[in-house]
Amino acid sequence: RVDDDSKRTTHMDKAKVASAARQAFVADDYDKALAALSKLKAAVESEDDVKWVEANMADVAAAAKEGATSPRAATSIFPRIAGVKWRVDVAISTSHLERVMRPSIVMELTLDDGAVRTVEMNLEQFHKLRYGVARVLRNMQEIERNPIMRLCDSTK
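Residues numbered from 1 in each chain as written. Predicted model: local features only at pLDDT ≥ 70, side-chain atom pairs only at ≥ 80, totals over all residues. Heavy atoms only, no water.

Enquirer: What is the right way to look at the overall build of the protein chain in this model?
Expert: Of the regular secondary structure elements, the protein chain holds 6 helices and 3 strands. What you see in the protein chain, going N to C, is helices and strands ordered as α-α-α-α-β-β-β-α-α. Counting only residues that meet the buried cut, the protein chain has 22% of its 156 residues in that class. Long-range pairs, those at least 24 residues apart, make up 34% of the contacts in the protein chain with a sequence separation of at least 6. (Helix = DSSP H or I, 4+ residues; strand = E, 2+ residues; numbered from the N terminus. Buried < 20%, exposed > 50% of the residue type's maximum accessible area, 1.4 Å probe, protein only. Contact = heavy atoms within 4.5 Å.)

Enquirer: Whenever I open this one, the sheet that holds strand E2 (residues 102-111) confuses me. Can you help?
Expert: Paired through backbone hydrogen bonds, the strands of a sheet run either parallel or antiparallel to each other. Read across the open sheet, the 3 strands follow the order E1-E2-E3; overall the sheet is antiparallel. A strand with exactly one partner marks an edge of an open sheet, and here the two such strands are strand E1 (81-91) and strand E3 (116-122). Strand-to-strand twist across the sheet, computed as the mean angle between neighbouring axes with direction ignored, equals 20 degrees. Bridge analysis of E1 against E2 gives 10 bridges, and the strand direction is antiparallel. Residue pairing in the sheet places Val90 in a bridge with Pro103 of E2. Helix-sheet contacts for helix H5 (residues 123-144) involve E2 and E3, and the interaxial angle to E3 is about 115 degrees. (Pairing = 2+ DSSP bridges. Axes fitted to C-alpha atoms, helices over the stretch in contact; angles between N-to-C directions.)

Enquirer: How do you make sense of the pattern of salt bridges when you look at a structure like this?
Expert: Two side chains bearing opposite charge may form a pair once their charged atoms approach each other closely. Across all of its chains, the model carries 5 salt bridges by this definition. As a salt-bridge pair, Asp89 and Arg87 come within 3.1 Å of each other at their nearest N and O atoms. We classify Asp89 as partly exposed; its relative accessible area is 28%. Overall, Arg87 belongs to the partly exposed group, its relative accessible area being 47%. (Salt bridge = Lys/Arg side-chain N within 4 Å of Asp/Glu carboxyl O.)

Enquirer: Mind showing me how you'd approach the side chain of Ser104 here?
Expert: One can find Ser104 in strand E2. Here Ser104 is in contact with Arg87, Val88, Asp89, Glu120 and Met121, once residues within four sequence places are set aside.

Enquirer: Whenever I open this one, the pairing of E2 confuses me. Can you help?
Expert: In the case of a regular strand, side chains alternate between the two sheet surfaces. Note that E2 and E3 share 7 bridges and pair antiparallel. Opposite Met107, over in E3, you have Val119 as the bridge partner. The turn linking E2 back onto E3 is made up of 4 residues, and Gly114 within it adopts a positive phi angle of 95 degrees.

Structure follows, in structure tokens:
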């Protein structure tokens, strides 16, 4: 159980660093974005993740050189979800058990950079994801209801 908690903490830390890099990039603070990406590069384990971070570092460096956000860099750093397809698979039996009847959820995420990612999860993991998304949406609504947010919107 301790390993699961430490992995979750590490994953959350990586997400915070990635978010800080994106926020710095959007705010045209390229030095801060590069620093956050360097920190993220040190934290990732897989070779693909390291290559992805390096590619984003190159895009941020190019944007810093140009003095303005390049369209390539703006879309490549932390791509967004452009589409979702999902299905429910049910394992009827396995080689060890005759009757299992265990559902799993398969989600296919299409990113705005054209990449397609497939995620498979059991029912418990899906409920955690669903709860987490609902909690984030509720928190966003609470923030948007704050009077200061209405003041910011009216100044635009």
